Structures are given as C-alpha cells and as structure tokens.
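Chain by chain, the residues:
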Amino acid sequence: MFIDYVTIQLIAAASGLLFAGIYILKYRSGKSNSSWIYGFWMIGFILLVTGLDMIFTWPLPGSYNIIFGEPSVWFGALLIFIGVAIKNSSDLLPLALLSSAGGLINIVISVDILIYSMTQSPIIAFGGFITSGLGALMAPLGLKSKSIRWIIFILLVLSAIAFAVTGYGAYYQHASDFAHYLPPTMKGTK
C-alpha cells in the first residue's frame, strides 16, 4: 500500500524553519529562553519519526524517500538537541556546526531537484532547499553576528514559505488523490 505523509513533513519543516528563524533573531549569547524547548521538541519529533520511517521503509516512489526522509531525520534530530541545549544552557556552537553539515545536504538536494525535475513544482522545491541550506550553513556565523542572524532569518523565512506552499498544496492534491481510497480490509465489503 502506498503511504504518503510527506504533507506533515513539509508543514513541520516549514514550522521548524520559521521557529528556528525567529529564535535566532532573539538569540543572545549566554541567555536561554527555556519556553522554546517544547516547540523545538515537538517539531523535531515529527520530523525525526516520519523521516526515520521514510528512510527505512521507502513508502514514496524512488529517490523522493532520500530527498524528504534524510533531511527530515537530520533536521528533526537537530531541533530536538537544540531544545536539550537550550534547556541545559549549553553552548550552541557544536549544534550550529552540525546545522552547517545539514545545510550542505539541502544544497546538494536542491541541485538534484532541478537536475531530475523532481516534485510537482521543482522551482519552489529548489527554492525551499537552497534557502534552508544556505541559512543552516551560516548558523555558526550567526551566533556571533546580529547582521548575519538577520540574513539567516530571511533565508529561513523564505524556505518556510516554499515548504508551506508545497505542503498545503500537497494536502489539497492528496485529498483529491485519496478521496476514494479504501484500505485492503474494506475492499469487497460493499
């Protein structure tokens, strides 16, 4: 059976990018705002669980499992550990460095999306992955510079918009595609 939950991944990614963008603007070295940890944990949990399922079970056609599953695992785990670091008032630099590695993944994926013309809207998907990748790549620099934090914020907001447009559009499309779907246990019961 074809299972497609990329919609919730896209909306969680959009929410996480927006959430991280707002947090980085509010960031002050040495100051922690522990009320943010629950948002990081919630979004991280959704991305980590759905991403792990996607990379282990491959419910989507072909390499879509790679372009959506693997970044979801990386971003989800990163958000969870950012929440832990905030809770413990830990230095965010190690996680910002790991954010950069994830950013490189998104930049590579953005190029793949264009080369292989993936998704219903390759240009929007490219925009979402390239802007999130660049924002994540700059995270270590943003810990030291307010002006770089503004650039990261803008990149993450643009990425969040791209993923939200794709995700909400997918909800509409998937509702239509699966409107008459019956699980195997219900087939033949009519």
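Residues numbered from 1 in each chain as written. Predicted model: local features only at pLDDT ≥ 70, side-chain atom pairs only at ≥ 80, totals over all residues. Heavy atoms only, no water.

A few words now on the layout of surface pockets. Taken as a whole, the largest pocket holds about 510 Å³ of empty space. What lines the largest pocket is a set of 20 residues, and nearest its centre among them are Val 6, Thr 119, Gln 120, Ala 170 and His 174. Contributions of two or more residues to the lining of the largest pocket are made by α1 (6–26), α3 (64–87), α5 (122–137) and α7 (146–177). Here the lining of the largest pocket takes 7 residues from α7, the largest share from any one element. Among the residues making up the lining of the largest pocket, the classes are represented as 11 nonpolar, 7 polar and 2 charged. (1 Å grid on protein atoms, 1.4 Å probe; cavity = no way out; pocket = protein on both sides within 12 Å on 5 of 7 lines; lining within 4 Å. Points joined across faces, edges and corners; volume = space filled by probe spheres on them. Helix = DSSP H or I, 4+ residues; strand = E, 2+ residues; numbered from the N terminus. Nonpolar A, V, L, I, M, F, W, Y, C, P; charged D, E, K, R; others polar.)

The full count for this structure, using the stated rule, is 9 aromatic pairs. Measuring from centroid to centroid gives 4.7 Å for Phe 19 and Trp 36, while their planes differ by 50°, and the two rings are tilted. Separated by 17 residues along the polypeptide, Phe 19 in helix α1 and Trp 36 in the loop between α1 and α2 (37–57) bring together distant segments of the chain. With relative accessibility at 23%, the residue Phe 19 sits in the partly exposed group. Pairing Phe 19 with Phe 40 gives two aromatic rings, centres 4.9 Å apart and planes at 80°, and the pair type is edge-to-face. (Phe/Tyr/Trp six-rings, centres within 6.5 Å; stacked < 30°, edge-to-face > 60°. Buried < 20%, exposed > 50% of the residue type's maximum accessible area, 1.4 Å probe, protein only.)

Given a rise of 1.5 Å per residue, 24 residues ought to cover 34 Å, and the 34 Å separating the end C-alpha atoms of α3 matches this to within 8%. Within two residues after α3, Ser 89 carries a phi angle of roughly 50°, on the positive side. (Expected span 1.5 Å × (residues − 1).)

A separate point is the side chain of Ser 132. Looking at the element boundaries, Ser 132 is found in helix α5. Among the polar contacts listed, one links the side chain of Ser 132 to the side chain of Asn 106, at a separation of 2.9 Å. Discounting residues that sit within four places of it in the chain, Ser 132 has contacts with Leu 17, Asn 106, Leu 156, Ser 159 and Phe 163. (Polar contact = N/O pair within 3.5 Å; in protein donor to acceptor, adjacent residues only side chain to side chain. Contact = heavy atoms within 4.5 Å.)

What follows concerns the confidence of the model for the protein. For the protein, the average pLDDT comes to 92, and 95% of its residues sit at 70 or higher. Of all secondary-structure elements in the protein, the lowest mean pLDDT belongs to α7, at 93, while α5 reaches the highest, 98. (pLDDT = per-residue confidence, 0-100.)

Further remarks concern α7. For the α-helix, the turn length of 3.6 residues means that residues three or four positions removed from each other point alike. Over its 32 residues, α7 runs 45 Å from end to end, which matches the ideal 46 Å to within 8%, given 1.5 Å per residue. Every buried residue of α7 is listed here: Arg 149, Ile 152, Phe 153, Leu 155, Leu 156, Ser 159, Ala 160, Ala 162, Phe 163, Gly 167, Ala 170 and His 174. Along its buried surface, α7 packs onto α1, α5 and α6 (139–142).

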